[in-house]
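Given next are the chains, with one letter for each unit.
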Amino acid sequence: MELVAGSYEQVLFGFVVHPESKASADHEKWTPVADFTHHAHTASLSAVAVNSRFVVTGSKDETIHIYDMKKKVDHGSLVHHSGTITCLKFHGNRHLISGAEDGLICVWDTKKWECLKSIKAHRGHVTFLSVHPSGKLGLSVGTDKTLRTWNLVEGRSAFIKNIKQNAHIVEWSRRGEKYVVVILNKIDVYQLDTASVSGTITNEKRVSSVTFLSESILAVAGDEEVVRFFDTDSLTCLCEFKAHENRVKDMFSFEIPEHQVIATASSDGFIKMWKLKQDKQVPPSLLCEVNTNARLTCLGVWLDRVTDTKESCPPAAEPSVSKEEKSKSNKKELGDPVQEVARQSKPNTKKCGVTGVSDKTAKGSSQLSTKKRKMVEMLEKKRKKKKQ
């Protein structure tokens, strides 16, 4: 496994982590070893996402950069957005979804790195997005004070909810039966079947990152040194522990055999990995830490095997759309839910699925390969003419 973290200093850090197999369960320690630093962006990094092969980073320089972790090579960049990249999410190994301050949500094919669809999602910035575990629904929040539900089966906007303030985080639960919307230090818990708030959790300071540890338990980090675990059913704080010396900027949770782990990154420059206990009322134990000497902004963990992240994840709940959303969306399904992506409501715009005709090719490695093909075709034609 490999820790990847972005920073204000425009650098992406990579650390290979070696679990200690011989250590006892009570005194288990892992060893992080520096693998790479990469200065691909011209401004601070704002988002990172990982799948089984690639790591992608977003930046204030308005580009998305791609790294092939299997081959350990730079894979080029995507330049469709015209604003700071605010969020990046992989869905499986075939699709990347990006959001930015230009109000666009873009869907990318990770085989050819083409922009399959560009959606004008919000009137202001897109601040965060999340994809349901089934791939059938997406959620996004923006600076237009709306929470938007996207029907990814039909490829269109399903529902728009006006909220009183600008939310900056939205996140589905592990099975997708609920989701949370974060506004400053308040976390509203929504139930999928009713699409209404079932309760509100209040953190002491502004929330910077959340991650679900189970269907009901939510880890919350904010502009402080402490990480808290909340039960989203009872709305109570199960435990809290001091994770860093400065504010926690991002978290990432994952499961591998015999371990449930949460990684944290802070403005103090440290990345730490914690082993979670079965009883979430007991604070986790520190597995390892590494000092980057940089102001960290975003964090991910690249796992070499696809099964690492899927082995202990619970099955996704089927998104039974609420009554409000049913009135606005059609019930029929068109195959793979991510094959048809939300489209703009313009009369002349053709409906385009993820495997359909691309709107705009990414100005990355895919364009180079197209040019090479054309050159080869031209050379072959010239050779044929000479022979004749």
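In short, a report on the structure. (Residues numbered from 1 in each chain as written. Predicted model: local features only at pLDDT ≥ 70, side-chain atom pairs only at ≥ 80, totals over all residues. Heavy atoms only, no water.)

## Some points on the overall build of the chain
For clarity, the threshold we go by: What counts as a helix is a DSSP run of H or I of at least four residues, what counts as a strand is a run of E of at least two, and both are numbered from the N terminus. Relative accessible area decides the class of each residue, using a 1.4 Å probe on protein chains only: under 20% of the type maximum gives buried, over 50% gives exposed, and in between gives partly exposed. Every residue pair with non-hydrogen atoms within 4.5 Å of one another is taken to be in contact. Only the protein chains shown count as cover for residues, and all accessible areas are computed by the Shrake-Rupley method using a 1.4 Å probe.
Helix and strand content of the chain: three helices and 29 strands. Here the chain holds 388 residues, and the buried ones make up 55% of them. In the chain, the proportion of contacts linking residues at least 24 apart, taken out of those at least 6 apart, comes to 48%. Within the structure as shown, the chain displays about 18100 Å² of accessible surface, and the carbon and sulfur contribution to it stands at 49%.

## Description of the sheet that holds strand β1 (residues 2-7)
Whenever strands of a sheet pair, they do so through backbone hydrogen bonds, lying parallel or antiparallel. The condition that has to hold: Pairing between strands is defined by DSSP: at least two bridges between the two strands are required. Axis definition: a line fitted to C-alpha atoms, over the contacting stretch in the case of helices. Angles run 0 to 180 degrees between N-to-C directions.
Pairing within the open sheet is antiparallel, and its four strands lie in the order β3-β2-β1-β28. Each end of this open sheet is capped by a strand with a single partner; those strands are β3 (31-38) and β28 (296-302). For this sheet, the mean angle separating the axes of adjacent strands, direction not counted, is 20 degrees.

## Let's talk about the nonpolar core
Rule in force here: Buried Ala, Val, Leu, Ile, Met, Phe, Trp, Tyr and Cys residues that are joined via side-chain atoms within 4.5 Å together make up what is termed a nonpolar core.
Of all hydrophobic cores here, the largest spans 27 residues; its most connected members are Leu147, Tyr179, Val181, Ile187 and Val210. Elements supplying a minimum of two residues to this core: β13 (137-142), β16 (169-172), β17 (178-183), β18 (186-191), β20 (207-212) and β21 (217-222). Considering each element in turn, this core owes the most residues, five residues, to β17. When neighbours within four sequence positions are excluded, Ile187 is seen to be in contact with Val180, Val181, Val182, Gly199, Thr200, Ile201, Val207, Leu218 and Val220.

## Topic: the pattern of salt bridges
Here is the rule: Here a salt bridge means any side-chain nitrogen of Lys or Arg lying within 4 Å of a carboxyl oxygen belonging to Asp or Glu.
Applying the stated criterion across every chain, the model contains 17 salt bridges. One salt bridge in this structure joins Lys89 and Glu171, with 3.8 Å as the shortest N-O distance. Of this pair, Lys89 sits in strand β8 (residues 85-91) while Glu171 sits in strand β16, and the two are 82 residues apart along the sequence. Taking relative accessible area as the criterion, Lys89 reaches 22% and is therefore assigned partly exposed. Residue classification places Glu171 among the buried residues on the basis of a relative accessible area of 17%. Notably, a salt bridge pairs Glu177 with Arg175, separated by 3.3 Å at the nearest N-O pair. On the basis of relative accessibility, which here comes to 35%, the residue Glu177 falls in the partly exposed class. Members of the salt-bridge network, linked through shared partners, are Glu204, Glu224, Arg228 and Glu240.

## Quick notes on the pairing of β16
Burial along β16 is two-sided: the residues Ile169 and Glu171 and Val170 and Trp172 are all buried. Strand direction decides the pairing type here: β16 and β17, joined by four bridges, are antiparallel. The residue bridging Glu171 from the neighbouring strand is Val180, located in β17. Taking the residues between adjacent antiparallel strands as the criterion, β16 and β17 are bridged by five residues, where Gly176 takes a positive phi near 80 degrees.

## Here's the deal with the sheet that holds strand β22 (residues 226-231)
Here four strands make up an open sheet; going across it, the order is β20-β21-β22-β23 and the pairing antiparallel. On the outer flanks of this sheet lie β20 and β23 (236-242), each paired with one strand and no other. Between one strand axis and the next, the sheet turns by 20 degrees as a mean value, whatever way the strands run. For β22 and β23, the ladder comprises six bridges, and the chain directions are antiparallel. In the strand pairing of β23, Val227 is matched with Phe241.

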